[in-house]
Amino acid sequence: MASRLSDSLHFVMIPLMAQGHMIPMFDIARILGERGIASTIYTTPLNASRFRGTMSRARELRYPIRLVEVPFRSKEVGLPDGCENLDTLPSPDLLQKFHSAVEKMQEPVEDHIRLHDPPPSCIISDRALFWTAETARKFRVPRFLFNGMSCFSRLAMHNVEQHYHSSLGYYLNLPHKEPFEVLGMPQSFKIRKSQLPATFGPLPNLEDVRAKVHEAEKSSQGLIINSFDELEQGCVGLYEKAINQKIWCIGPVSLCNKNERDRLDRGNQAPEEVKRSMEWLDAMKPKTVIYACLGSLCRLVPDQLVELGKGLEASNRPFIWVMKTGGNERTLELEKWLRDERFEERIQGRGFLIRGWAPQLEILSHRSIGAFLMHCGWNSTLEGMCSGIPMITWPQFAEQFVNEAMVVDVLRIGVRVGVDMAVKFGEEAKVGVLVKEGQVLRAIEEVMSSGEEGEERRKRAIEYSEKGRKAVEDGGSSRSNLSQLIQYVMQELKRQEDIDDV
Ligand code: UDP
């Protein structure tokens, strides 16, 4: 337990504006709030509006969480209006401008910290926000980094860089086509060069940001990870050693959303008709429904999504299919296909389409869900695992192929849909269709099979969900790691006070 000193603690939290980064930060604020620790989250107006439901729930629960809006200077950097989150960015060419506008948040954030009580005790910053290193220095507080990935995937990427990075630059010394073994892991697994994150190659216009992020990383006091020790297969200690920094695993953070009200508006408000999908789920038999959602940043081409829709339909099983909307060419084309094919009429009663934001956590916690077809974003991976259901893995980019290997090869709670290469932001059309209807169908059949292998997979999924739950309960590893983090912050504050007294 944290001592009474913790009553005066104040955590400043600055997330990167992407749903997979913001949502777990809000969960961390709630977990701190449960312990009576105050936090202030800084974000821009559009992002703040998405978390209205979360904030009103926090107020009801009397959690001391403050959400502060700072302007996003999109016009100044030449970004279109409304591009305040990575999910609204139309093209990768705008990434540099997005980062410039994010950098301009430093001044209003620091002004607010300076002018408002209580003073910060520490900063939890997204790894990408390199300028928070300076903010922490100015206010003389420790700074911890959060970037939403597991230790397993971070260690894997670190090891690939160590063992295979060529001195010639970003050209990796790797076999071109065949999968290669990632060395230095407690449990070995294979991956292909084509599945590595784009960060393994040159990042046009973003080299400067990358260098600053690397530099700022060095001054952080450690990493906060949304995971738990028992899941990480020994990677926490190995990664701590590799980067010579402290790591606190305090997850799965999504488990702080204990009831329906917490889960329904988590991350954004789900439309009313979507909330009706919950009634539809009530009518389904236990563990029969496939829930398919490919994350908040899915930009797959319409032809690819059509294959997914056809595969879901062909499975003859009940399903929920989440598709992102936005009035762009991609979504209009998919809508046209749905209309022309009378898709929704054909699947009536058996399938449910969600356009826009799905209350994912609430859906996953429903007893009728039998499997989760997901893109291996780390939050979705953990959320699926905590629900105790097996998964179908359809990774697209970033570290998602490593998460897939963890789910399928190491934890053995998932089945691959079979994607061989990453889809880079902006190159979706070039890549086209990577997964056919038949592959979707085969993966669904395999994951839902009542054979011995399927039963064993389901059993393991339940075991991991129980381990996750235990980690955040009294006496659990994540709960005690959070207490240690709080202690660490208090010691640092005391140390700073002693220095000031001299
Ligand atoms: N999410 C959601 N509804 C959606 C899409 C996503 O609630 O319609 C949530 C999901 O539960 C997860 C986060 O958004 O918490 C997505 O993070 P993840 O790391 O899985 O993937 P990303 O979107 O960053 O690729």
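The shown structure was predicted, so the numbers you read here are calculated from the model rather than taken from an experiment.

**Side note on the site of the ligand**
Link 1 in the chain: Around the ligand, 20 residues are found, and the nearest of them are Gly20, Gly295, Ser296, Gly377 and Ser380.
Link 2 in the chain: For the shell around the ligand, the secondary-structure elements that each account for two or more residues are helix 1 (19-34), helix 16 (360-364) and helix 17 (378-386).
Link 3 in the chain: Residue classes in the shell around the ligand are distributed as nine nonpolar, nine polar and two charged.

**Digging into the domain arrangement of the chain**
Link 1 in the chain: Examined at the domain level, the chain breaks down into domain 1 (10-152 + 196-251 + 473-501) and domain 2 (267-468).
Link 2 in the chain: At the junction of the two partners, domain 1 supplies 23 residues and domain 2 supplies 20 residues.
Link 3 in the chain: The leading source of residues in the side of domain 1 that touches domain 2 is helix 1, at four residues.

**Here we look at the packing of helix 13 (residues 302-314) against helix 14 (residues 329-340)**
Link 1 in the chain: Two numbers describe how helix 13 lies on helix 14: the axes approach to 9 Å, and their chain directions differ by 40 degrees. Classified by the angle their axes make, helix 13 and helix 14 are oblique. Where helix 13 crosses over helix 14, the handedness of that crossing is right-handed. Counting all contacts with helix 13, which are made through Pro302, Leu305 and Val306, the residues of helix 14 involved are Arg330, Glu333, Leu334 and Trp337.
Link 2 in the chain: Here the contact of helix 13 with helix 14 is composed, by residue class, of five nonpolar, no polar and two charged.

**Considering the environment of Leu46**
Link 1 in the chain: With respect to the secondary-structure elements, Leu46 resides in helix 2 (residues 45-50).
Link 2 in the chain: On the basis of neighbour counts, which here come to 17 C-beta atoms within 10 Å, the residue Leu46 falls in the partly exposed class.
Link 3 in the chain: Taking C-alpha positions, Leu46 is 9.0 Å from Glu69, a pair spaced 23 residues apart along the chain.
Link 4 in the chain: If near-sequence neighbours (up to four positions away) are discounted, Leu46 is found in contact with Gly82, Glu84 and Asn85.

**Some thoughts on the sheet that holds strand 2 (residues 38-43)**
Link 1 in the chain: The seven strands are arranged 3-2-1-4-5-8-9 in an open sheet whose pairing can be described as parallel. Looking at the sheet topology across the chains shown, the edges are occupied by strand 3 (65-69) and strand 9 (246-249). The mean angle between the axes of side-by-side strands here comes to 25 degrees, regardless of whether they run parallel or antiparallel.
Link 2 in the chain: Here four bridges tie strand 1 (residues 10-14) to strand 2, and the two strands are oriented parallel to one another. From the neighbouring strand, His10 faces strand 2, where its bridge partner is Ala38.

**Considerations on the pairing of strand 9**
On a regular strand, each side chain points to the face opposite its neighbour's, so the side chains alternate between the two faces of the sheet.
Link 1 in the chain: Burial of strand 9 is one-sided: the residues Ile247 and Cys249 facing one way are buried, the residues Lys246 and Trp248 facing the other way are not.
Link 2 in the chain: Taken together, strand 8 (residues 222-225), helix 10 (residues 235-243) and strand 9 form a β-α-β motif whose crossover is right-handed.

**A short note on helix 1**
Link 1 in the chain: Here helix 1 spans 22 Å end to end across 16 residues, near enough to the 22 Å set by a 1.5 Å rise per residue.
Link 2 in the chain: Positive backbone phi, at 80 degrees, marks Gly36, one or two positions downstream of helix 1.

**What about the confidence of the model for the chain?**
Link 1 in the chain: On average, the chain scores 93 in pLDDT, and the residues at 70 or more come to 97%.
Link 2 in the chain: Predicted complex metrics record ipTM = 1.00 and pTM = 0.96.

**A word on the sheet that holds strand 11 (residues 319-323)**
Link 1 in the chain: Strand order in this open sheet of six strands is 12-11-10-13-14-15, and the pairing throughout is parallel. Strand pairing shows two members of the sheet lacking a second neighbour, strand 12 (351-355) and strand 15 (414-416), which therefore form its edges. The mean angle between the axes of side-by-side strands here comes to 20 degrees, regardless of whether they run parallel or antiparallel.
Link 2 in the chain: Sheet strands touched by helix 12 (residues 272-282): strand 10 (289-293), strand 11 and strand 12. Its angle to strand 12, the strand with the most contacts, is close to 160 degrees.

**A few points about the packing of helix 8 (residues 151-164) against helix 18 (residues 400-410)**
Link 1 in the chain: The interhelical angle for the contact between helix 8 and helix 18, taken along N-to-C directions, is 120 degrees, at an axis separation of 9 Å. If you check the angle between helix 8 and helix 18, you find them oblique. Seen along the crossing, helix 8 lies across helix 18 with a hand that is right-handed. Seen from helix 8, the contacting residues are Phe152, Ser153, Ala156 and Met157; seen from helix 18, they are Val402, Asn403 and Met406.

Definitions and limits used
Residues numbered from 1 in each chain as written. Predicted model: local features only at pLDDT ≥ 70, side-chain atom pairs only at ≥ 80, totals over all residues. Near = placed C-beta within 6 Å. Helix = DSSP H or I, 4+ residues; strand = E, 2+ residues; numbered from the N terminus. Nonpolar A, V, L, I, M, F, W, Y, C, P; charged D, E, K, R; others polar. Domains from an automatic or database assignment. Contact = placed C-beta atoms within 7 Å. Axes fitted to C-alpha atoms, helices over the stretch in contact; angles between N-to-C directions. Parallel < 35°, antiparallel > 145°, perpendicular 65-115°, else oblique. Left-handed = near helix turned anticlockwise from the far one by under 90°. Buried ≥ 20, exposed ≤ 12 C-beta atoms within 10 Å, placed from the backbone. Pairing = 2+ DSSP bridges. Right-handed = clockwise from strand over helix to strand, strands pointing away. Expected span 1.5 Å × (residues − 1). pLDDT = per-residue confidence, 0-100.

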